[in-house]
Amino acid sequence: MKLFAYLLVAASICFSACTSNNVTNDDSLKKYFDENNVTGSFGLFDNGQGHFTIYNRKAFRDSAYLPASTFKIVNSLIGIETGRVKDDSTVIKWDGVTRSNPQWNQDLSMYNAFRLSCVPWFQELARRIGKDTMQRWIDTLGYGRRYSKPSINKIDTFWLDNSVKITADEQLGLVKKLYFDQLPFQKRTQRIVRSMMLMESNANYELSYKTGWGYTEDSRSIGWIVGWIEENKHPYFFVLQIASTGKPLDVSAVRIKMLKDILAQYGFMQGKK
């Protein structure tokens, strides 16, 4: 009990580490948002220098949105830690309901479900975890506490229905803690989730992330991409958050294009870091 209490206090500390002394505001990134007809924010944390580079700092720090499928990071951590799934090889069988994404209409391992961002797979995992256990872990993490303590209404939709919201600043703090095994989970649990997030690996860099796509209360599309890029064993943590401006938006294509355009502007993925 003493250990749990300690973890509760330690993990509930605000994820944010932004201060006026360690932040560069980069308005040059506005062009990427304008050309894609989106609003939003971007943050990059250079861990070696302890320095943030941010576009739209106020939105990055203060604007909270539903986490959408970025919550699969936390859902996975809790599922493994509590033993609801053994590891990323655990299979949940398809429920037989045909959905619009044909890749979801099959039995999937956790690894494949995570990378395909299979919503019904992780809804079933959330149901197996249960409302009380999920709420306790969210409280322990201090997840989405920028404005108020999150309260789970419906166990299999709370990360999709705007009942729980999170800021980009909190998202960055979460992935940074995950990278360094600083979340209140076993190292094995965090290692498994990190391995599922690794999307690109080559001689120049490793790019790890989780995406999210959802809708605000006023039906605007929002998108997330959160994670890190590692070059020469040096991690840089990032969060991109976008929202539509009323025009049709292909969130899945826009968010990864924007991320790579921004990272390229900073010299990543070219073997120069």
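Each remark here, short or long, concerns the structure printed above.
Residues numbered from 1 in each chain as written. Predicted model: local features only at pLDDT ≥ 70, side-chain atom pairs only at ≥ 80, totals over all residues. Heavy atoms only, no water.

### Re the nonpolar core
Core analysis: the largest hydrophobic core is formed by 57 residues, its most contacted members being Ile73, Trp121, Met134, Tyr143 and Phe158. Contact partners of Ile73, with chain neighbours within four places excluded, come to Phe114, Val175, Leu178, Val193, Met197, Lys210 and Val226. (Core = buried A, V, L, I, M, F, W, Y, C linked by side-chain atoms within 4.5 Å. Buried < 20%, exposed > 50% of the residue type's maximum accessible area, 1.4 Å probe, protein only. Contact = heavy atoms within 4.5 Å.)

### Some words on the environment of Asn105
Position of Asn105 among the secondary structure elements: in the loop between β5 (91–92) and β6 (108–109). As a C-alpha pair, Asn105 and Asp27 span 78 residues in sequence and 43 Å in three-dimensional space. Leave out the neighbours within four places in its chain, and Asn105 touches Trp94, Val97, Thr98 and Arg99. (Helix = DSSP H or I, 4+ residues; strand = E, 2+ residues; numbered from the N terminus.)

### Description of the sheet that holds strand β1 (residues 23–25)
The pairing of strands in a sheet happens through backbone hydrogen bonds and is either parallel or antiparallel. Read from one edge to the other, the open sheet built from seven strands follows the order β1-β3-β2-β11-β10-β9-β8, with strand pairing classed as mixed. Whereas interior strands pair on both sides, the edge strands pair on one side only; in this sheet they are β1 and β8 (198–201). The sheet shows a mean angle of 15° between the axes of neighbouring strands, direction not considered. For strand β2 (residues 38–46) and strand β11 (residues 234–244), the ladder comprises nine bridges, and the chain directions are antiparallel. Bridge pairing in β11 places Phe42 opposite Leu240. (Pairing = 2+ DSSP bridges. Axes fitted to C-alpha atoms, helices over the stretch in contact; angles between N-to-C directions.)

### Regarding the pattern of salt bridges
Considering all chains together, one arrives at 16 salt bridges under this definition. Here Arg61 and Asp62 are joined by a salt bridge, their closest N and O atoms 3.0 Å apart. Judged by its relative accessible area of 37%, Arg61 is partly exposed. Here Asp62 falls in the buried class, since its relative accessible area comes to 11%. Residues participating in the shared-partner salt-bridge network are Lys58, Arg61, Asp62 and Arg146. (Salt bridge = Lys/Arg side-chain N within 4 Å of Asp/Glu carboxyl O.)

### Examining the packing of aromatic side chains
Going through the model one piece at a time under the given rule, you end up with 15 aromatic pairs. Ring centres of Phe71 and Phe158 lie 5.0 Å apart, and the angle between their planes is 75°; on these two criteria the pair is classed as edge-to-face. With Phe71 in the loop between β4 (64–65) and α4 (72–81) and Phe158 in the loop between α7 (131–141) and β7 (166–167), this residue pair connects regions lying 87 residues apart in the sequence. Using a relative accessible area of 1% as the deciding quantity, one classes Phe71 as buried. With a centroid separation of 5.4 Å and 75° between ring planes, the pair formed by Tyr179 and Trp228 is classed as edge-to-face. Taken together, the positions of Tyr179 in helix α8 (residues 168–179) and Trp228 in strand β10 (residues 221–231) put the pair 49 residues apart, joining distant regions of the chain. Summarising the burial analysis for this pair, Tyr179 and Trp228 share the class buried. Taking NZ or CZ as reference, Arg146 lies 4.8 Å from the ring centre of Tyr147, over its face. Taking NZ or CZ as reference, Lys210 lies 5.8 Å from the ring centre of Phe114, over its face. (Phe/Tyr/Trp six-rings, centres within 6.5 Å; stacked < 30°, edge-to-face > 60°. Lys NZ or Arg CZ within 6 Å of the ring centre and 35° of its normal.)

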